[in-house]
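An overview of the molecular structure
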Amino acid sequence: MRHFLSTADWSAQQLDELLNLASRLKQEPLQEQLRGKSIALMFMNPSLRTRTSFELGMHQLGGHAIVLQPGKDAWGVEFKTGTVMDGDAEEHIAEVAGVLSRYCDLIALRAFPLFKDWSTDRDDAVIRSLAKHASVPVVNMETIVHPCQELALMLTLKERFGEVRKKKFVLSWTWHPRPLNTAVANSALLIASKFGMDVTLLCPEEAYRLDPQFESAAMGYAAASGGSYYMTHNIDEAYAGADVVYAKSWGALPFYGKPDQEWELRKNYRHFMVDEDKMSKTDNALFSHCLPLRRNVKATDAVMDADYCVALDEAENRLHVQKAVMMNLLGKKL
Ligand code: CP
């Protein structure tokens with residue numbers, strides 16, 4: 001049985017097939033392939049885009065989506081194996097997965113890491129535990145990676161460029177007042193390198209390097225796809241000649257779970273915010289961000305309102321790519 005937990009489990013060709021299906025669904029949104037099918041959407045964290053696009057996407061394919069918010073409108077869930085459940089959680093992921101597998105054809109989960117211990121969070125054990133206990137395909141709606149966002153980003157770039165190979169893709173750390181999840185940054189590296197782009201990671205200092213499992217994967221994908229991988233702390237060098245600037249803020253992993261200590265680094269890097277001056281150093285680059293985005297904190301109004309900003313296209317494409325993922329996992333073709 002196939003899951004969609006990370007694009008690392010899918011080849012570039014398989015991902016391309018998903019993107020082609022998504023493009024066709026974008027042209028003909030209303031279909032009947034998933035009539036009678038259902039998906040359970042479990043949200044441990046807030047969402048605007050993911051919830052709306054999955055619910056609407058399943059409806060547009062003729063199926064039904066059920067939203068569950070454990071700890072709020074569903075029982076709290078324990079994800080660890082072998083634990084004595086004398087905390088807040090009322091039931092174990094083994095039963096949650098088993099029950100939802102009896103009712104639904106797909107299960108999707110958003111479970112951000114706990115921001116306590118990266119040495120355990122980096123294993124992505126929560127979604128892997130769900131997949132282990134489920135007897136239907138599982139979809140990742142963001143954990144330490146955000147594979148649906150990856151597909152939406154790549155569909156947006158392919159729509160604009162046609163061929164993305166050898167385009168300069170800059171993943172830029174940007175300012176935010178507190179440390180955020182690394183998921184979208186990890187994912188941006190994975191997908192851009194897998195599709196042969198010349199990837200530059202721009203981050204303020206070594207503490208903001210991404211987990212080696214993702215930087216190493218990106219280097220390997222770049223080598224296999226004819227792309228390249230480069231890391232710099234120099235803003236001018238990164239922006240020079242860029243075809244795409246993709247901004248994201250994330251927390252410094254050596255200070256994971258210690259936001260007060262991390263602030264002593266972070267407070268020095270407000271100038272990483274994306275603005276018109278930086279964008280003027282590029283090769284007429286596109287700008288994008290996964291959203292939500294704090295204006296004039298992560299990127300200026302001028303950048304967000306510019307013709308080169310494709311963040312809304314990327315958000316729209318979440319709908320189309322997720323429909324393709326659901327159809328693929330259920331063995332349906334257009
Ligand atoms: N980009 C994204 O996943 O948006 P939401 O958090 O609103 O779902």
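Residues numbered from 1 in each chain as written. Predicted model: local features only at pLDDT ≥ 70, side-chain atom pairs only at ≥ 80, totals over all residues. Heavy atoms only, no water.

Here the focus is the layout of surface pockets. In this structure, the largest pocket occupies an estimated 760 Å³ of space. Every residue lining the largest pocket is counted, 28 residues in all, and those nearest its centre are Phe 79, Lys 80, Leu 114, Asp 121 and Val 126. Of all the elements in the fold, those that place two or more residues in the lining of the largest pocket are β3 (77-78), α4 (118-121) and α5 (125-133). With three residues, the single largest contributor to the lining of the largest pocket is α5. Among the residues making up the lining of the largest pocket, the classes are represented as 13 nonpolar, seven polar and eight charged. Estimates place the volume of the second largest pocket at around 590 Å³. Within the residue set of the lining of the second largest pocket, elements represented by two or more residues are α2 (49-60) and α7 (183-194). Residue composition of the lining of the second largest pocket, grouped by class: twelve nonpolar, seven polar and eight charged. In this structure, the lining of the second largest pocket is formed jointly by two domains, domain 1 (7-145 + 318-329) and domain 2 (149-314), each of which donates at least three residues. (1 Å grid on protein atoms, 1.4 Å probe; cavity = no way out; pocket = protein on both sides within 12 Å on 5 of 7 lines; lining within 4 Å. Points joined across faces, edges and corners; volume = space filled by probe spheres on them. Helix = DSSP H or I, 4+ residues; strand = E, 2+ residues; numbered from the N terminus. Nonpolar A, V, L, I, M, F, W, Y, C, P; charged D, E, K, R; others polar. Domains from an automatic or database assignment.)

Let us now look at the domain arrangement of the protein chain. If you check the domain split of the protein chain, you get domain 1 (7-145 + 318-329) and domain 2 (149-314). Put simply, the middle of domain 1 and the middle of domain 2, counted by C-alpha atoms, are 25 Å apart. Together domain 1 and domain 2 conceal approximately 2,400 Å² of surface at their shared face, both sides included; 59% is due to carbon and sulfur atoms. The largest share of the area that domain 1 buries against domain 2 comes from Phe 115, Trp 118 and Arg 318, three residues that together contribute 26% of it. In this structure, the connection of domain 1 to domain 2 is made through three salt bridges. (Buried area = accessible area lost by both parts, 1.4 Å probe. Salt bridge = Lys/Arg side-chain N within 4 Å of Asp/Glu carboxyl O.)

What follows is about the state of the cysteines. Applying the stated rule across the entire model yields zero disulfides. In this model Cys 104 remains outside any disulfide bridge; the closest cysteine sulfur is found in Cys 148, 17 Å from its own. Summary of cysteine pairing: Cys 203 is not part of a disulfide, and the nearest cysteine sulfur, belonging to Cys 290, is at 17 Å. Residue classification places Cys 203 among the buried positions, given a relative accessible area of 0%. (Disulfide = S-S within 2.5 Å. Buried < 20%, exposed > 50% of the residue type's maximum accessible area, 1.4 Å probe, protein only.)

Time to look at the site of the ligand. The local shell around the ligand consists of Ser 47, Leu 48, Arg 49, Thr 50, Arg 110, His 146, Gln 149, Cys 290, Leu 291 and Arg 318. Contact distances for the ligand include 2.7 Å between an oxygen atom and a side-chain N or O atom of Ser 47. In the model, an oxygen atom of the ligand is placed 2.7 Å from a nitrogen or oxygen of the Leu 48 main chain. For the ligand, the protein covers 93% of the area, taking 260 Å² as the surface of the free molecule. Comparing atom positions with the cavity grids shows the ligand to sit within the second largest pocket. Taken together, the residues of the shell around the ligand break down into three nonpolar, four polar and three charged. (Near = heavy atom within 4 Å. Polar contact = N/O pair within 3.5 Å; in protein donor to acceptor, adjacent residues only side chain to side chain. Areas by Shrake-Rupley, 256 points an atom, 1.4 Å probe, with all protein chains shown as cover. Sits in = over half its atoms within 2 Å of the grid points.)

Before going further, it helps to spend a moment on empty space enclosed by the protein. Tallied over the full model, the rule gives one cavity of 30 Å³ or more. Of the volumes computed, that of the largest cavity is approximately 40 Å³. His 146, Gln 149, Glu 150, Leu 153, Val 184, Ser 187, Ala 188 and Tyr 246 together form the lining of the largest cavity. Looking at the lining of the largest cavity, the elements that each hand over two or more residues are α6 (147-161) and α7. A breakdown of the residues in the lining of the largest cavity according to their chemical character gives four nonpolar, three polar and one charged.

With that settled, consider the sheet that holds strand β11 (residues 286-288). The strands that make up a sheet pair up through hydrogen bonds in the backbone, lying either parallel or antiparallel. Pairing within the open sheet is parallel, and its five strands lie in the order β9-β8-β7-β10-β11. Only two strands of the sheet have a single partner each, and these edge strands are β9 (228-232) and β11. Shown here is a sheet whose adjacent strand axes are inclined to one another by a mean of 20 degrees, direction ignored. In terms of strand pairing, strand β7 (residues 168-173) meets strand β10 (residues 244-248) through five bridges, oriented parallel. Across the sheet, residue Ser 172 finds its bridge partner in β10, namely Ala 247. (Pairing = 2+ DSSP bridges. Axes fitted to C-alpha atoms, helices over the stretch in contact; angles between N-to-C directions.)

This paragraph deals with the pairing of β9. In this structure, strand β8 (residues 198-202) lies alongside β9, joined through five bridges in parallel fashion. By the bridge assignment for β9, Thr 200 is matched with Tyr 230. In terms of handedness, the path from β8 via helix α8 (residues 212-225) over to β9 forms a crossover that is right-handed. (Right-handed = clockwise from strand over helix to strand, strands pointing away.)

What follows deals with the side chain of Asn 317. Within the element layout of this structure, Asn 317 appears in helix α13 (residues 311-329). The buried category is assigned to Asn 317, whose relative accessible area is 0%. A polar atom in the side chain of Asn 317 sits 2.8 Å from the side chain of Lys 26. Among the polar contacts listed, one links the side chain of Asn 317 to the side chain of Thr 156, at a separation of 2.9 Å. Leave out the neighbours within four places in its chain, and Asn 317 touches Lys 26, Ala 152, Leu 155, Thr 156 and Glu 159. (Contact = heavy atoms within 4.5 Å.)

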